[in-house]
Amino acid sequence: MTRGTRRSMRTTAMLGTERVSEALIGDGDLGQIFVTIDAQHPGSAPDARASALLSKIAATTAFQRAGRRLPTATQSERPAAGPDARPPLSRRGQRQLATLLREGPPTQLLPEWLEAAARQGVRPPARALPALLEAGRTQLDIRRHVLEVIGPRGLWLATFNPLWAYASEAAKEDDTAPAPVVLEQAPHAERVASLRTWRRVDSVAARNWLEGVLGSERARERAALLAAMEVSLGPDDEPLLESRLDDRAKDVRTQAALLLARLPSSELVHRMEARAAGHIVWCVHPEGVGDLAIELPSKLDDATRRDGVVEQPTRRSGKRAWWLYQILATVPPSRWTDRFKATPREIVRAGLRTDWADLLVGAWAEASFNHADVGWAEALLTEKLYHEPNLWSGIPLERAEPLLGGWLRREANTGDLSKAVYEVRRIDGAWSEKFSRAVATSIRTMLERDAPISPGRMKELVGVCARRMAPGSHEAVRDMLLRSLEPSGWTPLLDQLVELVGFRAAMLRELTAMSDRPGTGGLPADSALSESGERPSVAANERGTHERTDE
Amino acid sequence: MSALDRQPDASTVAKQKRLAAREKRVLAGVGELSRFLEDLLRQGLATASATGYRTWDEMASRMVDAQAPGLARMVRDLGGVAHAGPDWQDNLLERIGRLHLLLEAYRRIESLDDDLASDVRSLVGFATRRDAVLARPAVHDTWWVLGRRLELQDNLSTARCWLWGEQTGRFALVLSFAAGGQPFDIGPAPGTRIEADLHFYPSAVPLRATIASSARRGRANRERAPNLFRSLREAWDDYRRALVRLPWIERFPMTLRGVVPSPVDESWRLQDAEHAIAMQPFGRDGWTLLAVSGGHPVDVCGEWNGAAFVPFGCFSEGGFATLARNPLYSEIAP
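Residues numbered from 1 in each chain as written. Chains lettered and ligands numbered in written order. Predicted model: local features only at pLDDT ≥ 70, side-chain atom pairs only at ≥ 80, totals over all residues. Heavy atoms only, no water.

Colleague: Before we go on, may I ask you to explain the overall build of chain B in this structure?
Modeller: Each helix and strand counted, chain B has nine helices and 12 strands in total. Of all 334 residues assigned to chain B, the portion counted as buried reaches 51%. Considering only intrachain contacts with a sequence separation of at least 6, the fraction spanning at least 24 residues in chain B is 63%. Carbon and sulfur atoms provide 51% of the accessible area of chain B, an area that totals close to 16000 Å². (Helix = DSSP H or I, 4+ residues; strand = E, 2+ residues; numbered from the N terminus. Buried < 20%, exposed > 50% of the residue type's maximum accessible area, 1.4 Å probe, protein only. Contact = heavy atoms within 4.5 Å. Areas by Shrake-Rupley, 256 points an atom, 1.4 Å probe, with all protein chains shown as cover.)

Colleague: Sorry if this is basic, but what is going on with the environment of Leu 508 of chain A here?
Modeller: Residue and element names in this part refer to chain A. In this fold, Leu 508 is placed in helix H28 (residues 491–514). Taking the C-alpha atoms as reference points, Leu 508 and Asp 236, 272 residues apart in sequence, are found 44 Å from one another. Not counting the four nearest positions on each side in its chain, Leu 508 is found in contact with Glu 112, Ala 116 and Pro 471.

Colleague: Would you explain the interface of chain A and chain B in this entry?
Modeller: How big an interface is tends to be reported as the loss of accessible area on association of its parts. Each partner contributes to the interface: chain A provides 56 residues, whereas chain B provides 62 residues. Counting the surface chain A buries against chain B, the share from its top three residues, Met 14, Arg 65 and Leu 70 of chain A, is 17%. Inspection of the chain A/chain B interface yields three salt bridges. A salt bridge links Arg 42 of chain B to Asp 47 of chain A; the nearest nitrogen and oxygen atoms lie 2.8 Å apart. Breaking the side of chain A that touches chain B down by element, the ones donating at least two residues are helix H1 (3–15), helix H3 (46–67), helix H4 (91–103), helix H6 (129–138), helix H7 (143–158) and helix H29 (524–529) of chain A. Of the residues forming the side of chain A that touches chain B, the biggest block, 14 residues, is contributed by H3 of chain A. (Buried area = accessible area lost by both parts, 1.4 Å probe. Salt bridge = Lys/Arg side-chain N within 4 Å of Asp/Glu carboxyl O.)

Colleague: Help me understand the pattern of salt bridges, please; the structure alone is not making it clear to me.
Modeller: Note on pairing: side chains with opposite charge can pair once their charged atoms come close. For the coordinates displayed, the defined rule picks out 45 salt bridges over all chains. A salt bridge links Arg 108 of chain B to Glu 104 of chain B; the shortest N-O distance between them is 2.6 Å. Sharing partners across several salt bridges, the network here consists of Glu 242, Asp 246, Arg 271, Arg 275, Arg 306 and Asp 307 of chain A.

Colleague: What should I look at first to understand the nonpolar core in this one?
Modeller: For soluble globular proteins, nonpolar side chains are generally found buried alongside one another. Judged by nonpolar contacts, the single largest core of 126 residues is most densely connected at Trp 113 of chain A together with Leu 71 of chain B. If one sorts the elements of this core by residue count, helix H5 (residues 88–107) of chain B sits on top with nine residues. Apart from residues lying up to four places away in sequence, Trp 113 of chain A is in contact with Leu 89, Leu 97, Leu 100, Pro 124, Val 149, Met 507 and Leu 511 of chain A. Ala 224, Leu 225, Leu 263 and Val 269 of chain A belong to the second-largest nonpolar core, a separate cluster that totals 60 residues. (Core = buried A, V, L, I, M, F, W, Y, C linked by side-chain atoms within 4.5 Å.)

Colleague: Sorry if this is basic, but what is going on with the pairing of strand E1 (residues 139–153) of chain B here?
Modeller: The side chains of a regular strand alternate, first on one face of the sheet and then on the other. Residue and element names in this part refer to chain B. Within E1, 11 of the 15 residues are buried, leaving the element largely enclosed by the surrounding structure. Relative to strand E4 (residues 192–200), E1 runs antiparallel, the two being bridged by six bridges. Residue pairing across strands places Trp 143 opposite Ile 194, the latter belonging to E4. Two elements, E1 and strand E2 (residues 156–165), share 10 bridges in a ladder whose sense is antiparallel. Note that in E2 the partner of Arg 148 across the bridge is Cys 161. (Pairing = 2+ DSSP bridges.)

Colleague: I'm lost on unusual backbone geometry in this one. Help?
Modeller: Most peptide bonds take the trans form, and the phi angle of most residues other than glycine is negative. A positive phi angle, near 50°, is found at Lys 341 of chain A, a position not held by glycine. Judged by relative accessible area, which is 72%, Lys 341 of chain A ranks as exposed. Located in the positive-phi region is Gln 67 of chain B, a residue other than glycine, with phi close to 60°. Take Gln 67 of chain B: it is sitting in the loop between helix H3 (53–65) and helix H4 (69–81).

Colleague: What is the right way to look at the environment of Arg 65 of chain A in this model?
Modeller: Relative to the helices and strands, Arg 65 of chain A resides in helix H3. On the accessibility criterion, Arg 65 of chain A (9% relative accessible area) is buried. Separated by 339 residues in the primary sequence, Arg 65 of chain A and Leu 404 of chain A place their C-alpha atoms 74 Å from one another. Non-local contacts of Arg 65 of chain A, meaning those with residues more than four positions away in its chain, are made with Glu 94, Arg 98, Tyr 239, Leu 243, Pro 247, Trp 248 and Ile 249 of chain B. At a separation of 2.8 Å, a polar atom in the side chain of Arg 65 of chain A contacts the main-chain carbonyl oxygen of Ile 249 of chain B. (Polar contact = N/O pair within 3.5 Å; in protein donor to acceptor, adjacent residues only side chain to side chain.)

Written as C-alpha cells, this is what we have:
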C-alpha cells in the first residue's frame, strides 16, 4: 500500500465522507479488495461511502498488520564486553546480593558486601550490575568499591548510560595524563580534574605546567588550579606555594598557606612554630610535673597574616585567642613533645589545667588530624575529649578500641550508650570480635540497669551495631543479648540485631569461599565469554593488600 | 430417576432461553455500534474525537447494556487512543478497522468455522466456561514457564503466564484473575518446568489454556531447550501467519535466539544478524538484559504486544533470569 493511499484514507476519515467526496482507491492486491468493497456499497451518498470506508480501513489494517516487515539490522558501533576471569558468585551469594539490593538503605549492608567482594575478587552476576551502578551513582561513599566489583562487564555497561558516566571517568583517570593543550582549553571543572589526574601520574610535569600558566590565569581559576596541588603534595612543591603567598588574590594566598601548613618541613610551618613558641611555655616544677604558661599574641603582624592567619574569628572566640588557635593548629603536635621533652598525655593534661583549655585542645586536635599524628590523637581522646569528631577518624581501629571500650563501660553504668556509639560509628572498618563482645556487654549492662533511652536512640544504636559488629561474634552476641537477658520491649530490636549480624556472617562466608575456587567459572555462558584467553588483573592486585586479621 | 432427569432439562431450557435473549441483545448492540462507526466516519473523526472521552464512554456503556463487554472494552480503548501520542490518527484508524472487522464477523458467525467462531464470540464478550474447556482433550507435556506478568487494572488483578511445551513445541497462555488486592494463584514460577495437562480454549490460534489440577510442582530450569528459541525472522513469520488466521491477536509469544539488545535514543532494540525489532522493557529490564548480554547474542523470551517486544526472561550464566517483575508484588529471586 502506498503512502499516498494511507494519507488520503486518514484525511477522509478525519474530515468525514460528508466533506471529502472522492472515493478511496488502492493499488495492488489491496486495490482489488477496494474494488470489491465499492461494489458492495454502491452509490455516492456519504452514508454508503462511510460504510465502504469502514470496510476499507478494516481490510487495510488486517493487510498491513499481517504484511508488516521487520526492519533490517544495523551494524552496532560498539564492541561487545570483554571477558571477566574472576570466579562467579555462588547461587546462595547471588540470592544474598539480591536481598541487599532490593532492601536498600534500611539495612545498609551493601558497602560491606562490596568491600568483601572487592577484596576477594568475586564476579557479581551480570543482572545485578544495573542496580550496583545505580547504587554507586547515588551513594558516593561506596562508589570506589562499586568500581572495583563491577569488572569489565560493568564498565562496558556504564558506557551506554550517561547517568553512569562516573564509572568510565574513574576508569580513565588512572592511566592517562592529559595533554597540556587540552588543559588550557578545557572548561573550568574539567581542567581541575585533569590537573589532579596529571598530578597523580607525573607531579613534577604538572607543577611545571601550572607554574607556567598561573601568571596569566584569573584569580578564581588560579585558586582552583592551585588546590589541585594537594594531590601528591610533597616538599618539592614548597617554592611554588611559597611564592603564591604573595598572590594578588586572597583566595590564592589562603590556598597556598593551607597547603604549606600540611608540609611539616615547610618554612611556613617553621615560622608558625617559632611564633607559637613565644606564646606557649613549658615550665617544669621541682616535683617533675610540667605546666603550661599561655600568653595570647597582642597584635597580628603582616608576616603572620601572609602565612594565612585570618584576623576576624570564624568561631566564637576573642580575636587574640583566635590568632593563637590558628597558629597552633598549623604546628605538628610532635614539635611540642620534642621541645618540652614530655609525653603527649602530660602536655594535654597541663593544657587542661590552663584557662585556655578549649583553645589548646581544639588546636591540637586539628593539628593532630592535619598531620595524622596518632599518638597525640590518642592522648587527647584518653583525656575524655570525645567531642572532636575528626580525631576518631584518624586513629586506627585497633588502637581506638581499648579507649572506646573503657568509655562504653563507664557510659553503660551511668548514662545511655547512644552518644558513645555515635562517636564509635565514625571509625572506619569492622569491629574486632573482642570489641563487639565489649559493646554487647555494655548494651546488656545498660538494659539491665533500665537506663532511660528513647526508642529512636536505641534503634540508631542497634543499627550501628548491626552493621559493625564482627560477624564472628554472632553467637556470643546472641547469647549475651537474647539468651541471658529477660525479654523486654527491646527484644524485637535485639532480635533484629542478632539476625543481621548472622546474615552478614553468612554473606561473608559465601564471599570468602569464593576465593578458594579456580578462576574460571566453568558455566557454559562464561566459558563462551572467556575464549579470548585474556585475564584481566582486577582481582589479582586486590587480594592480600586488604586482608584483615579479625575474620 | 425420571424426575431427576427432567429437572436438568428444565434448567437447560431456561438457560437456552436466556442465551437466545442475550444473543438477540448483542446482535442489536452490534448493529448500533456499526451505525455509530458509520456516523463517525461520515461526520469525520476529527469532530467526534474532539468531543473527548464522553462520546466513547457513552457508547461503551451502551455495549455493556447490550451484554457485549468485549465490545465495550474495545470502544472505551478507542477513547483512550484518540488524541494520545503523535500517531493517534493511525492508531485510531487501526483499532476502528479491527473493531469493524469483528462486528462484520459476528454478523456472519454462522459462516465461520467453529474455532474462529469461538474467537469472535469471546472477543464480543461471551465467556467460555472453564468446565467446557476442561472437557476438551488434554495436552500433556513438560511445560517451561517462560515468563509471568502481574497487572492491576480497574481493581482487577491479572496474572499472565506464558508456557512452552517441550514435546509439542506449543505455546500456552494461562490467565488468572482476582478482584482487587485479593490473594490468588498467580501460576507457576518463571524459570521452572511443570509436568501438566493443559486444556486449550477453542480458537483459530489456540494459545489460552487452563492447567488441569493434576499439575506437579515446578523444577528449576538449568539447561536450555535446544528447540525453544527461533530466529527473529522465524518468530516474526509465526506471528504474521497467526494474524492471517486470527486478525485480532493483541499479544503473541516470541522466543528469540541469539539477539543482541541495545539502547536507541530513549528506547530499546533487539537484533540478530539480519533483523531488528523494537523492544519495550519494563522498568530497568532493558539495562538488565544489556548487562546479561554484554553485547553478545542472548536467548530471550517475551511477548509481542502489537507495537514492540516485551522481554519476560532470558538465559544467562547457566540459568534463567526472570525479567518483568512487578514491584507491586514481591517475588522471590530465582
